[in-house]
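So the chains spell out like this:
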Amino acid sequence: MMAASLVRRDKKATATRLKADLNRTDNSSGVRQLQELLDAVLNPEKPAADTEALDWCKCLIAGGEGFEDFCKTVRSYDNATLCGLVWTANFVAYRCRTCGISPCMSLCAECFNNGDHTGHDFNMFRSQAGGACDCGDSNVMRESGFCRRHRLRTGENVPSIPRDLLLMSEMVLPRFILCIIQYLRDGYIEPDTSTERDLQKVLQQLEPQISFLEELTKMGGAMRTVLTKILTNQQTFKDLSMGQEENVYAQRNYDKYLSALKNSGLVSVEEKSQGAAADATGDAEGGAGAVVLLGTTAPGSPDESNKEEDQDAGQSVGQRKRVKLSSNTKDACIIESLKHKCFLEELLFWTIKYEFPQKMVTFLLNMLPDQDYKITFTKTFVQHYAFIMKTLMKSHESDTMSNRIVHISVQLFSNEELARHVTEECQLLDIMVTVLLYMMESCLIKSELQDEENSRHVVVNCSEALLKNNTYWPLVSDFINILSHQSVAKKFLEDHSLLMLWMSFVSFFQGMNLNKRELNEHVEFESQTYYAAFAAELEACAQPMWGLLTHCKVKETQEYTKTVVRYCLETLQIWFDAIGFIDEPAPNQVTFHLPLHRYYAMFLSKAVKCQGLDLDSLLPDQEMLMKIMVHPLQIQACLSEIHSNMWVRNGLQIKGQAMTYVQSHFCNSMIDPDIYLLQVCASRLDPDYFISSVFERFKVVDLLTMASQHQNAVLDSEQERPMLEGALTFLVILTSLRVHLGMTDDEILRAEMVSQLCMNDRTHSALLDLIPENPNPKSGIVPGSCSFEEMLSAVADFKAPVFEPGGSMQQGMYTPKAEVWEKEFDPIIVVLRTVYRRDVQSAMDRYSAFLKQSGIHTGNPWPPYKERTPLHPCYKGLTKLLHCKTLHIVIFTLLYKIWMDHQNMSEHVLCMVLYLIELGLDNQVQDNKEDEEPCIEEHCHDSWFPGTNLLSNLHHVINFVRVRVPETAPEVKREAPPSTSTEASSYGQNLREAQVFSLVAERRRKFQEIINRSNTEASQVVRPKSSSTRWVPPGTPPQLVTEILEIRESMLSLLLKLHQKLSSKQNSLSASWLEDMDTSRHTHGDGITAIERILTKAATRSCQIKRSIQDICGKVCPPVPPKKNSPTDKKTMDKEERRQRARERQQKLLAEFASRQKSFMAMAMDVESPDTEAAMDLGASEVMESEVLYDCVICGQSGPSTEDRPTGLVVLLQASSVLGHRCKSKEAKKLPTSDEEHIYAADTCGVAHDVRLTLMQQFFKDSSCLQSVSIGWDGGVYVQTCGHTLHIDCHKSYMESLRNDQVLQGFSVDKGEFTCPLCRQFANSVLPCRPGRETEAGAWHTPTNKKTFVLVKEVEDLQEKLGLFPTESNLSKEMELVIKDIKNTTQKKYMDYGKNPGSPDNDFLFMYSVARTNLELELVHRGGNLCSGGASAAAKRSCLNQLFHVLAMHMRLYSIDSAYNPWTKLTQVTQSKEAYDFDEKRPEVPMLFRDVPSLLIIFVLTMPQPLRKEHFTCVVKMLYNLQFTQALAALSTKFSPEERQAWSTSGALKKNAANAETSFEALLSHVISELSKDNSVYKVNAEETLMLISSVWSPQSIEFSLQQFCLPFLRLSCLLQHHLYGDNLTSCLEEEEFSSLAVCLGLLSSAPPSNTVHSASCLKWAVSTFDLVSQWCTEVTGLFQMQAEQSLTLLVQEPQWASPRLLQLPDNYNIIFQYYHRKACTACKKVPKDPALCLVCGAFVCLKGVCCKQQGICECVLHSQHCGAATGIFLLINASVIIIIRGHRFCLWGSVYLDAHGEEDRDLRRGKPLFLCEERYRVLEQQWVSHTFDHINKRWGPHYNGL
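Below or above, wherever it landed, is the structure these notes cover. All figures in this text were calculated on a predicted structure; none of them were measured in a lab.

So, about unusual backbone geometry. For N645, which is not glycine, the phi torsion reads 65 degrees and is therefore positive. Tracing the backbone shows N645 in the loop between α30 (622–643) and α31 (652–662). Residue class for N645 comes out partly exposed when judged on its relative accessible area of 41%. Its identity as a non-glycine residue notwithstanding, Y1840 has a phi of 50 degrees, on the positive side. Here Y1840 is to be found in the segment after β27 (1837–1838).

Shown next, in the form of structure tokens:
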């Protein structure tokens, strides 16, 4: 009852009381009360979602004080020295290789930034599986890398913790943890019955409780110690776990737990009984340790299959499946069900059962900084290892689960100390290997390799989910991780039973994913299982192998290597027996997976290279070597077959396999060991046998005949050539590759690097990726180690990233140095390493380009021959291959065939043959003691050559050869047998002498010989003969006949003849050429050079050869060599010539095409080239000619634009806010990277104009306001053209065809978008061209001498003329349509500024602002001034002339009310009316407040077109007066009162002077006095102006200010004049700009010397100056409604804006990243998944974030509309790239941040430090300002508002 009363009471008071009770010495009553209270509160039968219990716990633990304060107190006693911060997937962390001891080391950002890692090799990475910070853990990283906080051993100076502080925690927490466990037991249902969702629900309800545990762990060391005690105390667990006897619920709950435990062992309970039975019968001698892992039936044969197979499987596979655990593994924990002794064990158990919920994982990991906990937890984890694997295999979410498992295990196993401890105490290695074996056994199938029926070998099935989804990855990854610790690896290598187990595991992968060649139909379904197979071999076999190899580097570890090699051989023998292999591989099968061979090869290589072991002691007998050689050789032949298209019917995937096999991540675990193994076999086997095997495997035996025709039973004729080339290339690689035969690691690295660089220039990261690394990342040679960098700088030059004008971005590249091309280019390694055949070609092309450039060789070079590093003495036998008769016969035959032009020979064949000869000459066999074998007579080709040495065989002449040919062959003699006896005898002689040669027979004989030598029992000699019959061709081909050919050549003579043939000269070598040979130029060149080089080498090595050469050269060759006779040869010769000519023609055409393209590109792109100026400058030509002709780019006709059939310019209309983003200062704004920095937008041009208009609209008449300013600073419409024209009707049909075209385009035809048919530039409208008028151009161009007032009157009359309403015609219709397009281009809000939207005034304002926007933008593109004159890229894109006409036509619909016409105010002094009565109407905007350029545009657009130039000039002059007066007024407000007084008086004296009207002093004084009247603008606080201006105004500074104030108006007028009248713009210096423009506009008659120009001298007044000025000033001073400040703001306009800039970015990307990637979004207050930054205004937005969507539009798109009128430039924080949004499309622009090697790092995958690339950023800015994103970037796609 007491508990119930306690529960109802105040929690705090109760907690305080209980704490006091418990602190007494006799605390039994306190304990009892607390227990009762807890029984009531922590009742697991209540729903978990009820948080009452949690609140009680918090209160009780805190003992009555606030929980927050309690946390603080406990934290102050934190004695942890480790950081231990745990993170989950996607967290950004750092790894420093310089500081890490374990390669898995990682640091959180805080520890990283607080440590000193300058100059280290570090990178930032996104965690995939989650991790924890290692700062402070000296087992994993060096102490020098610790951060400031963890460097101090904080443990020492922390006070010891008061006993009572955690007293309550010790009492309450065990019950709390039990409660969580009870909930977990209760909620669990076996997966077959439950759905994932049920488990998720339980977890969601427990969320607050588990989070509370996590909070406790974060309180620091003191609290963790308490938790560890509770979690690991076995007594507590015993007492609490089962619940009290009387509690029924607890009992039921405990039973649930027991049943869940039942199946947690490797063997389920039911299987155990079976196992025991099988054990008793099967092998009693196996000892107690033998346990059956799976029942005896093989997984391959389900029980209901037919009986025979079942028995069969039971015998064979079943026996293999019984995997023995070593007898010392008495530890039943792997096999039996689990038993738990403490809370921690059960918590982990449920964590696994619930498939590793993130919160639980984090809690368990947060506890790791506690040492005791770490050890117990690791043991617990190991104990549950098998159970983890079982759960993982069943899981549906195996990916997520894998990541969580690794998240935990990597923290435990990276620590060597800990790993060793568990290996010794818990048999970690046994457990891991057993678990892996068990896992793979679930997906075995019968191997079909070799003997399908009787094979007893089982392999993994690659199409099983287990392999396809990489489910085994976490286990393998842990295994690799622990093998990286030396102490653990040594234990593994010493434990023979374990090694044996491991070998049987590896043999599951031997021969997996078997390919069978499809011979008839194309395979219907291409299986993609090969991905799984390659991944499995790399991860499960190769990486552990590399891990073990790292510990076998020194002499002391010889024993380990010997053991591994022994077991490899044993397992290989078992494998050969299991697949029933005898001596021939099954035809048309290939598997790329031979891990046993590769283990054997790699350990052999290590033994010889590092441990000084003798190779022969590790090799098996000859017969075994022959078997070992077969499968790797089969792979090499199949590679060649695949590239010869013999496997096409197997689909693309077989090509994929061939490529993966040699690809950089796989090659040194696959092709390299294979080739090395073949090299070992070749060095130990009979060379004749080996060579004949090679040619037989490559199926080209039949081709190697002297006859010109032959039959090949196995190859089509088009496959013969590539297969022969393949065989020869393979032999060259085999005999010349030295990777495992004596090269040092540095030499290997250098060779690999050179070969990659020769194929293509490479970026640093691509190179790192392409150099085959030891694939085990923990192997100690870390990519990026210093030797890599040193080597790179030795062999390559860095090409900095350049920017091509077309806009494609280059990365920083490395390119080979010249001497590398000259001395180190090795085509053999290139061939070995190329994934795509085109890379070999690319390397050769680059090589020949280098030779041409350096003038070494100009023709088509052959691959250069490269000297090799010497062989390691162990492998000397390899050179015997080059000195064996079989090879010499092949070489002789091929030389002969090439000389005779037989079919299927090629330059490549000759090249490889010569390469082999040269290798033979360079690698002489030292010992000639190999003639011990008695020479047996019947050796059928002994008589070809006397010995085996290549040198002596070179000059051996062969006279007759006997060949088997089809009857139809030309060699068959048709004449009668010889009549005379002498002839007959000689004929018989020939028969006897003629050489016969059969490779196959020879190979058989050798094989028998070797077998006989190795086993003398006769019984084994009998081999099935069936295999030799396979060469009988199907069908009945023509009969074969034996013929004798007369040859009389030696290899030498053939070489010389080929030399003649190649150089196509008779006697190409004179007899004395050897003497005057210079050998230096021999290294590079073509076939001729190669032959000369070989002859020279041979001659220097043997005098006899030298003599033979001179003999052969001395005999003058017969004038007509016999081979020219046959017509077929003639044909081939002609064919060659024809081909050559065709090739030359093609080259010519291509060159011509390229030059055309170049000239066209110069026209189309913005590449500044002066010669295209004239063509594009439409403005100039249009006015000059009476009739302008246009070319239509669609129909190709040329003609004028007419009313009926108008022509138009292809234009792109786009809304732009570039002008609005201009600021006053030239400096770009800085991007904020801390909370203190901000960006204010108030000082931008757009804002300033908005403020001004709003202020005007407060006081003045709306229609007048709308004519006093321009809009379009934000969201103005910019019109640009590519300069091409087309008929508008042609354009319509073009659009129709685009609409019907189903091809996916990057643009939307429905929105009117298209690409220019000629230059493919993006466009979306057509601007009609005005028909050329017939009027005489000169009439409105001639200078005038009319008086000013006459002109003024004329202008006034012109304005009165009502615009003629244009006649309805096609032209006018089109013009109206364009106007509609223009209006649709921008958003409504950028058009409606008036009080009543849609009014004509509003429309009027929008129209003339379009003209203003385009003029202003062109100015910006010209650099903000007109100093550079006419030449400019902007001029080419501009179509202002046409635009003006279209706008003018539209504007003529509005007439300006003459009462309000500003022209009158400009040019007449009106009678001053009474002050406006404000009620009736608002006043008009005073002239001094009006925007002068706007007035200019309004005047020009509303007057009838074409306007005469004299009238234009008159308008400009009158407006200049106004502009000048505004300048004076604005200037006067900046003076201090005293200065104002002074200038006023001094100027008043000059008023009466003759030139008063053009003297600024007089005018200034007048303005000052006028503006001081009435409502004076000068009243505004004078102190402020004093503060602002400390300088004193001199006449010079005043003059300068006035000029600056008037310049923008002059520039715009000048540009306008340029476009309307085609006047040239003159270039000038910046300081002369004013006078130059004034002259151009006719304000000055001629330019005075630059320093004397006075702005006032340009004034031309139409009426009395001072009266007009007074009138303008009175308008301002008469405004009684306005405050002085407001009129001041309107008076002081700011015409000067700096050119638009993007934000200034910090140099180091990390600064941006660290601040923004964790920053919360201002709108939704969450940290965005994909944060982005606007580079124009600095806004921080969520990319693709659903959180900030409005009306279905995501935030980036919204922002682009708001900030850039649908153009947005965003930096994606997490990817470092920039995306551009333009309207409804977007594109990836690239990155402006590059690493130290000039490369982008998209998505920050490499995580290297990135730095701002100024050039790229400038280009981005320039594209933004010039609006060329659409033209330069090609890859656009729709964004559907989803960004």
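What follows continues from the structure just given.
Pairing is antiparallel across the open sheet formed by three strands, whose spatial order is β16-β15-β19. One side of each edge strand has no neighbouring strand; the edge strands of this open sheet are β16 (1276–1287) and β19 (1325–1328). Averaged over all pairs of adjacent strands, the angle between strand axes in this sheet comes to 40 degrees, irrespective of strand direction. Bridging between strand β15 (residues 1207–1216) and β16 involves nine bridges; their strand directions are antiparallel. In the sheet register, L1212 faces β16, and the bridge partner there is Q1280. Against the sheet, helix α59 (residues 1440–1451) makes contact with β15, β16 and β19, and its axis sits at roughly 75 degrees relative to β19, the strand it touches most.

Turning our eyes to something else, we now look at the pattern of salt bridges. Taken as a whole and judged by the stated rule, the model has 65 salt bridges. With its nearest N and O atoms 4.0 Å apart, the salt bridge here joins R149 to E110. Of this pair, R149 sits in helix α7 (residues 148–151) while E110 sits in helix α6 (residues 109–114); the two residues are 39 residues apart in sequence, bridging distant segments of the chain. Connected through salt bridges with shared partners, the residues E867, E918, D922, R1093, K1097 and R1101 form a single ionic network.

Attention shifts here to the pairing of β19. The alternating pattern of β19 places S1325 and L1327 and V1326 and P1328 on opposite faces, both of which are buried. Both β15 and β19 contribute to a ladder of four bridges, which runs antiparallel. Note on β19: the bridge partner recorded for G1208 is P1328.

Turning our eyes to something else, we now look at the sheet that holds β27. A sheet is described by the order of its strands in space; here six strands give the open sequence β21-β20-β22-β23-β24-β27, paired in antiparallel fashion. If you trace the sheet from one side to the other, it starts and ends with β21 (1740–1742) and β27, each paired once. With two bridges connecting them, strand β24 (residues 1785–1790) and β27 associate as antiparallel partners. By the bridge assignment for β27, F1786 is matched with G1837. Each of β22 (1767–1772), β23 (1778–1782) and β24 is contacted by helix α72 (residues 1814–1825), which is oriented at about 155 degrees to β24, the strand it contacts most.

The rules behind each value
- Residues numbered from 1 in each chain as written.
- Predicted model: local features only at pLDDT ≥ 70, side-chain atom pairs only at ≥ 80, totals over all residues.
- Heavy atoms only, no water.
- Helix = DSSP H or I, 4+ residues; strand = E, 2+ residues; numbered from the N terminus.
- Buried < 20%, exposed > 50% of the residue type's maximum accessible area, 1.4 Å probe, protein only.
- Pairing = 2+ DSSP bridges.
- Axes fitted to C-alpha atoms, helices over the stretch in contact; angles between N-to-C directions.
- Contact = heavy atoms within 4.5 Å.
- Salt bridge = Lys/Arg side-chain N within 4 Å of Asp/Glu carboxyl O.

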